[in-house]
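Each chain, letter by letter, is given below.
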Amino acid sequence: MENKNTVNPELLPQKLVEDEEEFHHVNNPVTGLKPIVKKYLGAPTGAVQKGNKFFFTDGDAKVEVTVVTDEIIRVRLAPHSVFLDEFSYAVPKLENKVSLFGLREEETEYIVYTNIVNCHVRKKDFFISFSDNQNHVTSSDAVQMHWEENIKFGGYYVYCTKECQPEESFFGLGDKATELNLRGKRLKNWNTDAYSFAWNQDPLYRAIPFYISLNKGIAHGIFFDNTFRAEFDFGAEDPTKTSFWAEGGELQYYYIHGPHMMDVVKRYHVITGTHPMPPMWALGYHQCRWSYYPESKVRMVTKTFREQKIPCDGIYLDIDYMDGYRCFTWNRKYFPDPKKMIKELADQGFKTVVIIDPGIRVDDNYSVFKEGKEKKYFCRRCDDYFMEGHVWPGRCQFPDFTNPEVREWWGGLFDELVQLGVAGVWNDMNEPAVFGNGTFPDDVRHQYDGHRGSHRKAHNVYGMQMVRATYEGLRKLMKNKRPFTITRAGYSGVQRYSSVWTGDNVASWEHLKLGNIQIQRLSVSGISFCGTDIGGFSGEPDGELFTRWIQAGTFAPFMRAHSAGDTKEREPWSFGEPYTAINRKFIELRYRLLPYFYSAFWEHHRYGFPIIRPVVLQEQHEEGNQYRQDEFTYGDKMLICPVLEPGQKTRKVYLPKGKWYDFWSHELIEGGKEIVVLTPLDTIPVFVKAGSVIPEYPVMQYVGEKEIDEVKMNVYFTDTEVNSFIFEDYGETFAYEQDIYLEKKFVVRGKENKMTIQQSMEGLYTPRYENYHLNIVGLPFKPTRVIADNNDVKDFVISADKSIQLKLRKNFTQLVIS
Ligand code: GLC
C-alpha cells in the first residue's frame, strides 16, 4: 500500500526512523539493502459497524475499534486487512459491558462513542484521538499508526506515536529500575534475568506493557497488548511524542479512560484480572536463603525464630533441596525424610515453600525428563532440534508452557510435593534464563495455545504460563486450599496466578530506595502482591540497612528476606542488638496489622484497587506529586514513609490533604504540606488518616497460632465522615468464591462533642470471636456517655494517653460517644 498522505517529516518520530539498528535488523538479508519503508495509514474511506466493533479502511490497511466497556476502547491495525486471531494471555475474556455506544460521522471525522468516551478517526489522515464526554481531548496520535514489513520473520514491526504534552507524566510498566515518573525515559519489554541489576538498567524480569498518563490532573491508560520485544518512549527522543512499538504481532492497544488514575488502574484490572485471595499466612513474614540445607540447618533456623519470638510463616527451600537440581526430586542426603520434616515444621507453624525452575535436566534416568521427552513437551528450535541450554542442573530442555497439554502435565507433577505437605511454590529463572545466551534464541517454536509462534512472540509470556501451570496444578491438587505461588518473570495478567518479587537486587541503600519505587510501580501496573529481597540478594547489608529494609518490607504486600549463598547469615537476629529487637518489633507489627493488610488485599481482589498507592494516585491534581516516590499509602488509610538513607535522623514527609495521626504518638497533624519527622533507628514515619478504623490482631508467631478471641479496632477521631471496610473469612479456603465472607463497613462521624461509629455488614461468614476491643484515639472532648445500640456502656476506660478503651459486641450497629 502506498502512503496516500504526504507526511510532514518533522512529524515523524525521528529516532524511530533513524535508529533502526538498535531495535531490529536493518538490511534485507537477501538483497543486503536497507530495505523496508515504513508505511503509514492513508485517509479512511468509510466506516462499517459490526456489533461493538467498528472498521475503518484506507483501501488496504484496516483498523478495528472495539468498544469494550463504557470507558475502554480497543484499537487494532491490520496492515493488509487481515487481523490476527483474537487471542491474548493477558485478557482471558474480553468484557463487553457497554450501556450505550454508536458511530457518528461528522465533516472531518468519524466518532465511535460511548456515554463516557469518544474515539475520533480523522478523515483527512487517519489520526486517532480520544476525548471525554465534555470533548476534552485526552490522547491523540502525532503520526498515523505505521508499520514495516519484517522480511526475516514475516509480519510487521508495528508503531504507534502519540502526542506528548509539556506537562504529561507517565507511570506503570511494571518493575522498571528507575524513577517512578517515566517521563523522558525510553524502556524495553523483554524479560531478562538481571542479576544485581543497576539503577536504570533495562529491561528487567517482567514485561508489563501498560502505562498511565497524567496530564494536568487528568489521567488515561494505554495497554499495548503485544508480547513481542517492545519499546516505550515517553518523550525521550522527542519531548512532544510518546511512542510504543513492537517487533511483531499486532498493533493492538486499549485506551483506558480516567480521569482518575485510580480508575485507570481499576479498569486495567477489569481486563487483565486481579490476584486471587492469598492464604492469610502468605501475608506474614517469609524467610528465605540460597539455600537452607541440610535439614538440620532448616530446623535450626525455624527453631531460632520460635526461640527468639520473631514471627514467621514461610520457610523456603532453594535449589539445593533437589537431587542435582532436578525439579520434583529431593536430595536424600540433605533431606532424608521430607514428609516428616515438612510436617514437623507445619506443627510449629511454618509453611514450606519450594523452588521449581523451568530447566529440566537432560537425563534419561530422570522421570520428568523421560516423560516430557516421550510426550514431546519440550520446546524445539525451528529445524526441529530440541531447545537445549545450561542452567543450574547442567544441560536442560524446557517445557513449552504455552501448550495447554504441557501446562496440565506440569500442574500434575506437583502431586508428590503437595502430598509431602508443601504449601507454596516459587518459580524462578522463567524469563526464561539460560546461562551464556541469556535466554532462548528467537527461532524456538511455541504452541501458543494453538496460535503458534516463535520465541519472539512467546518469550515475554513464558514465565507467566509457567506459573499459571503451577498455580492451576496446585489449585487442583490442594482442593479447597489456596495455593501460594511466587514468580520472577511475568506478563500482564500474571497477577491472576502469582505474587512476584523484584529479583536479584543488591544489599545497598540505593536498592532499598529502588525497591521502594518498584513496589509502587508494580502495584499500579496490576501486580499488587509484590516485594523485594529484604536485605538485598547479593552483597552484605550492615545491621542498619537490614533493619531499615525490614521496616520498609513490613509495608510491602509480600514480605520475604532472601540472600545469595555466598553472603553471611541473614536472619532477623543476625546483626545482634539493637537490630534484633527492632526487627522483631516491626515483624510483630506486620502480624498485628494482618487484618488491615488482608482487607486491603480483598479490596484489590474484588474491586481492583492497587494495594500500594503512590502519593500521586491519592492526589493527582496536586502540583509536584507526580515526582513524589519515597512514600505511599498501604490501602487508603495508612501512609508509609520508609527511611531510605544511612544515618538518617529526620525525614521529610508529605502529608496529603486532610488530617492525619502519627501512628506512634497519636499526634494529630493537618495535611496538605510537608513536615519533618524524627527517624531514630527504631521507627519509620507512619500516619493514619483521621476517621479510619484499623483492625488489629494480637501478635502471633504465625497465622493461626492462637484462636483470636477479640479483635482490636483502632478508631481515629475525625471531624468529618470517613468509611472503612474490613474483610474477614476463613483465610485459607476458596469459600469466598461462594460468597462466604464478611465485608464490614464502619462509618465514623465526629463533631466537637460527639462521635458516632456505625457498623454494617454483608456476607455469610461468622467469625469465631465475640468482641471487639475498641481503642478510640484523638477524641477532642472528655466523654461522659457511651451508648451502644441504645444501651449505656459503663465500663469504658480513659487511658493516660487520652484514648478510650472499651469492649463491644462484634455485631453492634451504632456507638455514640458524647
Ligand atoms: C536466582 C533467583 C534467586 C535464587 C537463585 C538460586 O538468582 O533470583 O532468588 O536464590 O536463583 O535458585
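Everything here concerns the structure above.
Residues numbered from 1 in each chain as written. Predicted model: local features only at pLDDT ≥ 70, side-chain atom pairs only at ≥ 80, totals over all residues. Heavy atoms only, no water.

(A) Focus on the overall build of the protein chain. Along its length, the protein chain carries 14 helices and 54 strands. Compactness check: the protein chain gives a C-alpha radius of gyration of 27 Å against a globular reference of 28 Å for 818 residues, within 12% of the reference. C-alpha atoms of the protein chain, sized along the principal axes, occupy 85 × 70 × 50 Å. Taking all 818 residues of the protein chain together, 64% fall into the buried category. Of all intrachain contacts in the protein chain linking residues separated by at least 6 positions in sequence, the fraction that spans at least 24 positions is 69%. Accessible surface computed for the protein chain: about 29,600 Å², of which carbon and sulfur atoms make up 49%. Computing the positive centroid from 99 side-chain charges and the negative centroid from 111, the protein chain places the two 3 Å apart. (Helix = DSSP H or I, 4+ residues; strand = E, 2+ residues; numbered from the N terminus. Rg over C-alpha atoms; globule rule 2.2 N^0.38 Å. Buried < 20%, exposed > 50% of the residue type's maximum accessible area, 1.4 Å probe, protein only. Contact = heavy atoms within 4.5 Å. Areas by Shrake-Rupley, 256 points an atom, 1.4 Å probe, with all protein chains shown as cover. Lys, Arg positive; Asp, Glu negative; His and termini not counted. Charge placed at Lys NZ, Arg CZ, Asp CG, Glu CD.)

(B) Representation of unusual backbone geometry. With omega at 5°, the peptide bond leading from Gly-258 into Pro-259 counts as cis. Locating Pro-259 in the fold gives a position in the loop between β20 (251–257) and α3 (261–272). Between Glu-431 and Pro-432 the backbone carries a cis peptide bond, its omega angle lying at -5°. Its place among the elements puts Pro-432 in the loop between β27 (424–427) and β28 (445–446). Unlike most non-glycine residues, Phe-126 shows phi in positive territory, near 70°. Structurally, Phe-126 is set in the loop between β8 (117–122) and β9 (128–132).

(C) Layout of the site of the ligand. All residues in the neighbourhood of the ligand are listed as Trp-290, Asp-318, Ile-319, Ile-355, Trp-392, Trp-426, Asp-428, Arg-488, Trp-501, Asp-504, Phe-537 and His-562. A distance of 2.9 Å separates an oxygen atom of the ligand from a polar side-chain atom of Asp-428. Within the side chain of His-562, one N or O atom sits 2.9 Å away from an oxygen atom of the ligand. Out of a free accessible area of 300 Å², the ligand has 98% covered by protein chains. Looking at the shell around the ligand residue by residue, the class counts come to seven nonpolar, one polar and four charged. (Near = heavy atom within 4 Å. Polar contact = N/O pair within 3.5 Å; in protein donor to acceptor, adjacent residues only side chain to side chain. Nonpolar A, V, L, I, M, F, W, Y, C, P; charged D, E, K, R; others polar.)

(D) Up close: the pairing of strand β13 (residues 169–172). The two faces of β13 match: Ser-169 and Phe-171 on one face and Phe-170 and Gly-172 on the other face are all buried. Of the strand pairs in this sheet, β13 and strand β16 (residues 210–215) are connected by four bridges, and their pairing is antiparallel. Bridging across to β16, Phe-170 finds its partner in Ser-213. (Pairing = 2+ DSSP bridges.)

(E) Highlighting the packing of helix α4 (residues 295–308) against helix α5 (residues 338–347). Following both chains from N to C, one finds α4 and α5 inclined at 0°, their axes separated by 11 Å at the closest point. Classed by the angle they form, the pair α4 and α5 counts as roughly parallel. Within the contact between the two elements, α4 uses Glu-295, Val-298, Arg-299 and Thr-302 and α5 uses Lys-340, Met-341, Glu-344 and Leu-345. (Axes fitted to C-alpha atoms, helices over the stretch in contact; angles between N-to-C directions. Parallel < 35°, antiparallel > 145°, perpendicular 65-115°, else oblique.)

(F) Focus on the packing of helix α10 (residues 509–524) against helix α11 (residues 543–553). Where α10 meets α11, the axes come as close as 10 Å, and the angle between the chain directions of the two elements is 5°. Relative to α11, the element α10 lies roughly parallel. Of the residues in α11, those touching α10 at Trp-509, His-511 and Leu-512 are Glu-544, Leu-545, Arg-548, Trp-549 and Ala-552. Its residues assigned to classes, the contact of α10 with α11 comprises five nonpolar, one polar and two charged.

(G) Main features of helix α9 (residues 455–477). Helix length check: α9, at 23 residues, gives a terminal C-alpha distance of 30 Å against a target of 33 Å (1.5 Å per residue), a fit within 8%. Its axis deflected by about 50° at Val-461, α9 carries its strongest bend there. Within α9, 19 of the 23 residues are buried, which leaves it mostly tucked inside the rest of the structure. Two residues or fewer past α9, Lys-479 is found with a positive phi of approximately 55°. (Expected span 1.5 Å × (residues − 1). Bend = angle between axes of the 7 residues up to and from the residue.)

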